[in-house]
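# Observations on the model geometry
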Amino acid sequence: MDRNHLKRQVDFMKRSFLDQGYLDEQFIQLEELQDDDNPNFVEEIVTLFFNDSARLLQNIEQALVSGPIDFAKLDNYMHQFKGSSSSIGAKRVKDECTRFKEYCTAGNAEGCFRTFVQVKQEHATLRTKLETYFQLARQAGPPGTSRGQVR
Amino acid sequence: MGAAVDHVTPMGMSGGSAEGNDKSEGQRFSCKSKLTALVVDNGGVCRAIQTALLRSYGVETEAVETGEAAVELIASGATFSLIIIEMLLSFMNGPETAKQIRAMGAQSKILGITAFFDERDQQEFLAAGADNFIEKPLSPEIVIPIINELDN
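Thresholds applied
Residues numbered from 1 in each chain as written. Chains lettered and ligands numbered in written order. Predicted model: local features only at pLDDT ≥ 70, side-chain atom pairs only at ≥ 80, totals over all residues. Heavy atoms only, no water. UniProt positions renumbered as here; feature names shortened; annotations may be inferred. Helix = DSSP H or I, 4+ residues; strand = E, 2+ residues; numbered from the N terminus. Buried < 20%, exposed > 50% of the residue type's maximum accessible area, 1.4 Å probe, protein only. Contact = heavy atoms within 4.5 Å. Areas by Shrake-Rupley, 256 points an atom, 1.4 Å probe, with all protein chains shown as cover. Salt bridge = Lys/Arg side-chain N within 4 Å of Asp/Glu carboxyl O. Pairing = 2+ DSSP bridges. Axes fitted to C-alpha atoms, helices over the stretch in contact; angles between N-to-C directions.

Per an unreviewed UniProt entry, the recorded name for chain B is Response regulatory domain-containing protein, and the organism is Castanea mollissima.

As named in an unreviewed UniProt entry, chain A is Histidine-containing phosphotransfer protein, taken from Castanea mollissima. Taken directly from UniProt, the Function (unreviewed entry) text for chain A runs: "Functions as a two-component phosphorelay mediators between cytokinin sensor histidine kinases and response regulators (B-type ARRs). Plays an important role in propagating cytokinin signal transduction."

A few words on the overall build of chain B. Looking only at helices and strands, chain B has five helices and five strands in total. The linear arrangement of helices and strands in chain B, starting from the amino end, is β-α-β-α-β-α-β-α-β-α. Expressed as a percentage of the 152 residues in chain B, the buried residues total 55%. Across chain B, contacts joining residues at least 24 apart in sequence account for 60% of those joining residues at least 6 apart. Total accessible area computed for chain B in this model is approximately 6,700 Å², and 49% of it derives from carbon and sulfur atoms.

With that settled, the discussion passes to the pattern of salt bridges. One pass over the full model with this rule turns up 16 salt bridges over all chains. Here Lys94 of chain A and Asp24 of chain A are joined by a salt bridge, their closest N and O atoms 3.9 Å apart. In this pair, Lys94 of chain A is assigned in helix α5 (residues 91-105) and Asp24 of chain A in the loop between α1 (3-19) and α2 (25-32), connecting sequence segments 70 residues apart. Through salt bridges with shared partners, a single ionic network connects Asp41, Glu86 and Lys136 of chain B.

Let us look at the sheet that holds strand β3 (residues 82-86) of chain B. Residue and element names in this part refer to chain B. Read from one edge to the other, the open sheet built from five strands follows the order β2-β1-β3-β4-β5, with strand pairing classed as parallel. The open sheet has two free edges, formed respectively by β2 (60-64) and β5 (132-135), since each of these has just one partner strand. Across the sheet, the mean angle from the axis of one strand to that of its neighbour is 20°, orientation sign disregarded. Relative to β2, strand β1 (residues 36-40) is paired through five bridges, and the arrangement is parallel. What sits directly across from Val39, in β2, is Ala63. Contacting β3 and β4 (109-114), helix α3 (residues 94-103) runs over the sheet at an angle of about 150° to β3. On top of the sheet, helix α5 (residues 140-151) reaches β3, β4 and β5; it is set at about 170° to β4, its chief contact.

Next up, the structure:
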């Protein structure tokens, strides 16, 4: 398949993620960090994120379903989860985290439960979208060929 | 959709870059002097991203997971131009870490960083000796002015 066509598809996909608010500018900043020394930086970071965050989400789930809710513990887990989400530019996920935090701070268990469903959903949606994105990006060939970066 | 997406999309891109103060097309901003940084964060993703960002500007950067490790490093004689410390660490928290680092006489610029901005946390961090306190993510907009400041 025509490489240029694939590259355009990759760019278009990324642009649509940005337009629909799945990702924000921070993701672009990560791509700026990719170079010959770190050609797969973004995919590696995103993979790390989904591995780490799966664990955090499990911890949050556990904290929500086992006995009286420890809101301080929830807050702690969510703090780390939001920090990494915002750092990779996962905008919708980050926004749900903010909503969750409000309920958590208010000690509103039901609100936490409801919002957590949204958090998991956005997380899963983004994971699927980015998996597709990186698959396509790999087919399109090494990134940075259009960057003309001079060191 | 308009213009084609260009991977080089620096924020506030201006014409030339005499001193490398901004990121113009094809050239990445780089610090002028030998700068070092320490990232203190219990999250692997944040450590990796902050480290990569600083290194991309030529800042020699290390990362540790805990406040204790940061204090130990500095106690052993390591010095850093910049130390970025997450608010909520696994054991000793960010402000306490900053306090201990300052108590050792470290002159580094200390930047407190957090997932959720909170005024009380900000007060705590600044009182502990941090110079600044921001919400994640760490971005070029934050880092470049700091580097410029440290360079001069």
